[in-house]
Amino acid sequence: MKKLSYLLLLFVFIITTACSDDDSFDEPDPVEETPEEVPEEPEEPTEPEAPEETPEEEDQQTYAFTPGEARGYIVDGSASEETVALFYHLKAISDSRFIIGQQDAFSAFYNDDSGESDMKKLTGSDPGMLGSDFMFITDDSNNGEEGNWFYQQEQQIIQDAIEAYDKGMVNAFSWHLREPYEGDHFYTSEMTAFQKENAFRSIMEGGANHEYYKEKLQKVAEVVKNMRGSDGVLVPVIFRPFHEFDGDFFWWGAPYSTPAEYKEVWRFTVTYLRDEMDVHNLLYAFSPDNSYTSKSAYLSRYPGDEYVDILGMDNYGDLAAQDGSGVATANQKLKVVSDLAKEKNKVAALTETGYFVDAQNPLPPNFYSENIYNVITENDVNIGFIMFWQNYSDSYTVPVPGVEGEDDFVEFVDKEEALLLEDLPSLYELPAN
C-alpha cells in the first residue's frame, strides 16, 4: 500500500507537469588531507529522562502530508519552492524506497581513476545523492584568490554541487569545521587540552570566538546563496553540521559541552543562517554517531522539531564485523531514528556508513546485498537516503569493476527499493495535491 501510494503521487505529478581532471584533494604540506572518517565507537552517554514524545497512531505511515502541506513541516517557512519540494520527495520516497549517495563521488576515486563517479563505473548510473563538505571552503587559509589551493577546492566543490543539481541529484554538505583558536584541526587527538575544553563553548554567544564563528557562517551563507543551477535556481542543500556529536573525537563532541550548550549553538546556527543571512535553500540534518539505543538518548541533544528537518545516524562500527554480528544492532538503532521521524514528520536517513576495503580489510560476505540492506529495511525501518563515505586511492566503500564486492553491490542497487540517479523522480518540483 505504501508503494502504491507513492507511485500514484508520482503518476499525478507526471500528468500535471508533463501535459574533468583528477581532483584528488592533495593538500600542500603541512595541512592534512581529508581524513578517513572511521571514528571509534563512543561510550553511550547517560540517558536523561525521556522527553515527551508524540504517540504513534495505529498503522502510521511515513508519508503523512500532501505536497501543499509540506512547507508547514520544515524548519524554514520561507524556504524556496525547490527546497520544499526536495523535503516532500525525500519524505515520500522514504515510505517505501531509499536514495543511495556517496561522499565526494565526483572528486574522489579508488586508485585515483578519475572521470566518471566510481558508482557509475560499476552500475552505469551516478548515485542519487552527492556528499560534499564546507571544510576547505571555510578554512582560515582560503583567501579567495585564484591561486589559493583552498579557494580552488571551493570552486571545484561548488561546480560539483551544481553538476549534481543539474543532473537531478540531491546535495548534502557536512562540515568538518576546524577548531576556532588556531584553525588547524577538528580531531581532538590533534588539539591541546585547552582547545578541547574551550573550543565549543568559545563559539557560543558571548564567547571568545563567537564572532569568528559568525564569519564562518557568513561564508557558508555566501556560498549557498550563490549556488545556482543552469536553470538559474538556487540549489537546495542538506546541511549537516556538528555530526557525530556523541563521541569525543570531534571538538563539538559530548564531553566538551552540556546538552543545553549544544542545543544553543545548533539553534543559533539555524536562526543566524535563516533569519540574519536570509538563507532559504537549506534543510537541516541532525546526525549523532551510533551510540544511541533509545529515543530518549537519541533526543538528549536534540534542539527541537523547529530546528531539524532530517533525523540521521552515522554508523560504521556496527557494520565492521566480518560475521555480520552487528547488523541486527544497527537495524535496531536505525529503527529508533525511523520511528522518531514518523512521529515528528521528519525524514529519516543513514547519513554516513560504509566499510573501508583495502589490502588489510577484506569486505564482509554479502555486505551490501544483505548486511546493509537488512539494516535499512528490516523491522519497518523507513529512510529517505543512505550515504556511503568517499572512496580513496587505496580503499573504497563503493566497489569499482574488478574488485571485491562488485557483484554484491550491483545486487544491492538492483533491489526494488534502491534509487540511483537514473531511478529518481523530479525532486525539485512539487506534484499537485
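Residues numbered from 1 in each chain as written. Predicted model: local features only at pLDDT ≥ 70, side-chain atom pairs only at ≥ 80, totals over all residues. Heavy atoms only, no water.

- As annotated in an unreviewed UniProt entry, the protein chain carries the name Glycosyl hydrolase and comes from Autumnicola edwardsiae.
- Word for word, the UniProt comment on the protein chain under Sequence similarities (unreviewed entry) is "Belongs to the glycosyl hydrolase 26 family." (UniProt positions renumbered as here; feature names shortened; annotations may be inferred.)

1. Concerning unusual backbone geometry
And step 1. If you check the backbone angles, Glu244 has positive phi at about 50° while not being a glycine.
And step 2. Relative to the elements of secondary structure, Glu244 occurs in the loop between strand 4 (237–240) and helix 7 (259–276).
And step 3. Residue Glu244 is classed as buried on the basis of its relative accessible area, which comes to 0%.
And step 4. Its identity is not glycine, yet Asp380 carries a phi of approximately 60°, on the positive side.
And step 5. The residue Asp380 is located in the loop between helix 10 (367–377) and strand 8 (385–388) in this model. (Helix = DSSP H or I, 4+ residues; strand = E, 2+ residues; numbered from the N terminus. Buried < 20%, exposed > 50% of the residue type's maximum accessible area, 1.4 Å probe, protein only.)

2. A short note on helix 11 (residues 406–413)
And step 1. All buried positions along helix 11 are accounted for by Asp408, Phe409, Phe412 and Val413. The arc that holds every buried residue of helix 11, seen down its axis, measures 135°, which confines them to one face.
And step 2. Where helix 11 is buried, its residues meet strand 1 (98–103), helix 3 (118–123), helix 10, strand 8 and strand 9 (418–419). (Arc of directions from axis to C-beta. Contact = heavy atoms within 4.5 Å.)

3. Thoughts on the side chain of Asn209
And step 1. Relative to the helices and strands, Asn209 is located in the loop between helix 5 (193–202) and helix 6 (210–225).
And step 2. Once you skip the residues sitting within four places of it in the chain, Asn209 turns out to touch Pro180, Tyr181, Ser202 and Ile203.

4. Let's talk about a negative patch on the surface
And step 1. Taken together, Glu370, Asp407, Glu411, Asp414, Glu422 and Asp423 make up a surface patch of like negative charges.
And step 2. Tracing the backbone shows Glu422 in the segment after strand 9.
And step 3. What makes Glu422 exposed here is its relative accessible area of 56%. (Patch = residues over 30% accessible without salt bridge, like charges linked within 9 Å, V, L, I, M, F, W, Y side chains within 5 Å. Areas by Shrake-Rupley, 256 points an atom, 1.4 Å probe, with all protein chains shown as cover. Salt bridge = Lys/Arg side-chain N within 4 Å of Asp/Glu carboxyl O. Lys, Arg positive; Asp, Glu negative; His and termini not counted. Charge placed at Lys NZ, Arg CZ, Asp CG, Glu CD.)

5. Overview of the pattern of salt bridges
And step 1. Taken as a whole and judged by the stated rule, the model has 17 salt bridges.
And step 2. A salt bridge links Asp140 to Lys216, with the shortest nitrogen-to-oxygen separation between them at 2.6 Å. Highlighted residues: Asp140 in the loop between strand 2 (129–133) and helix 4 (149–167) and Lys216 in helix 6, separated in sequence by 76 residues.
And step 3. Salt-bridge contacts for Glu343 lead to Lys295; the nearest nitrogen and oxygen are separated by 2.3 Å.

6. Side note on the packing of helix 6 against helix 7
Packed helices, taken two at a time, are described by the angle between their axes plus the distance between the axes.
And step 1. Put simply, helix 6 and helix 7 touch, their axes get as near as 10 Å, and they point 45° apart. The pairing of helix 6 with helix 7 is recorded here as oblique in orientation. Handedness of the helix 6/helix 7 crossing: right-handed. Residues His210, Tyr213, Lys214, Leu217, Gln218, Val220 and Ala221 of helix 6 form the contact with helix 7, whose own contacting residues are Val265, Phe268, Thr269, Tyr272 and Leu273. (Axes fitted to C-alpha atoms, helices over the stretch in contact; angles between N-to-C directions. Parallel < 35°, antiparallel > 145°, perpendicular 65-115°, else oblique. Left-handed = near helix turned anticlockwise from the far one by under 90°.)

7. Thoughts on the pairing of strand 8
And step 1. Burial along strand 8 is two-sided: the face carrying Phe385 and Met387 and the face carrying Ile386 and Phe388 are both buried.
And step 2. Relative to strand 8, strand 1 runs parallel, the two being bridged by 4 bridges. Following the sheet pairing, Ile99 is matched in strand 8 by Phe385.
And step 3. Sheet topology note: the strand 7 (residues 347–353)/strand 8 ladder contains 3 bridges and is parallel. Across the sheet, the residue bridging to Thr353 is Phe388, located in strand 8.
And step 4. Handedness of the β-α-β unit built from strand 7, helix 10 and strand 8 comes out right-handed. (Pairing = 2+ DSSP bridges. Right-handed = clockwise from strand over helix to strand, strands pointing away.)

8. Overview of the packing of helix 10 against helix 11
And step 1. Interaxial distance between helix 10 and helix 11 falls to 7 Å at its minimum, and their mutual angle equals 40°. Of the residues in helix 11, those touching helix 10 at Phe367, Tyr368, Ser369, Ile372, Tyr373 and Ile376 are Asp408, Phe409, Glu411 and Phe412.
And step 2. Here the contact of helix 10 with helix 11 is composed, by residue class, of 7 nonpolar, 1 polar and 2 charged. (Nonpolar A, V, L, I, M, F, W, Y, C, P; charged D, E, K, R; others polar.)

9. Some details on the confidence of the model for the protein chain
And step 1. Here the protein chain averages 89 in pLDDT, and 85% of its residues register 70 or above.
And step 2. Note on residues 1–62: pLDDT is under 50 here. Beyond four places in sequence and across chains, it has 129 contacts. (pLDDT = per-residue confidence, 0-100.)

10. Considerations on the side chain of Asn382
And step 1. Checked against the element boundaries, Asn382 lands in the loop between helix 10 and strand 8.
And step 2. Polar side-chain contacts of Asn382 include one of 3.3 Å to the backbone oxygen of Ser94. (Polar contact = N/O pair within 3.5 Å; in protein donor to acceptor, adjacent residues only side chain to side chain.)

11. Remarks on the packing of aromatic side chains
And step 1. Enumeration according to the criterion identifies 47 aromatic pairs in this entry.
And step 2. Judged by centre distance (6.0 Å) and plane angle (10°), the rings of Phe200 and Tyr262 are stacked. On the criterion of sequence distance, the pair formed by Phe200 in helix 5 and Tyr262 in helix 7 is long-range, its members being 62 residues apart. The exposure classification of Phe200 matches that of Tyr262, with both residues buried.
And step 3. Relative to Trp252, the ring of Trp251 lies with its centre 5.5 Å away and its plane at 75°, an arrangement referred to as edge-to-face.
And step 4. Given a relative accessible area of 0%, Trp252 falls into the buried group.
And step 5. Above the face of the Tyr373 ring, Lys415 is positioned so that its terminal group lies 4.4 Å from the ring centre. (Phe/Tyr/Trp six-rings, centres within 6.5 Å; stacked < 30°, edge-to-face > 60°. Lys NZ or Arg CZ within 6 Å of the ring centre and 35° of its normal.)

12. Section: helix 2 (residues 81–93)
And step 1. With 13 residues, helix 2 should reach 18 Å at 1.5 Å per residue; the first-to-last C-alpha distance of 18 Å fits that figure.
And step 2. Among the residues of helix 2, those classed as buried are Glu82, Thr83, Val84, Ala85, Leu86, Phe87, Tyr88, His89, Leu90, Lys91, Ala92 and Ile93. (Expected span 1.5 Å × (residues − 1).)

13. Structural notes on the environment of Gln153
And step 1. Following the sequence through the fold, Gln153 ends up in helix 4.
And step 2. Here Gln153 falls in the buried class, since its relative accessible area comes to 9%.
And step 3. For the pair Gln153 and Met135, spaced 18 residues apart in sequence, the C-alpha separation works out to 9.9 Å.

14. Observations regarding the pairing of strand 6 (residues 310–315)
And step 1. The element strand 6 is largely enclosed, with a buried count of 6 among its 6 residues.
And step 2. Of the two faces of strand 6, both are covered, the one formed by Ile310, Gly312 and Asp314 as well as the one formed by Leu311, Met313 and Asn315.
And step 3. Pairing of strand 5 (residues 282–286) with strand 6, which is carried by 2 bridges, proceeds in the parallel orientation. Bridge pairing links Ala285 to Ile310 in strand 6.

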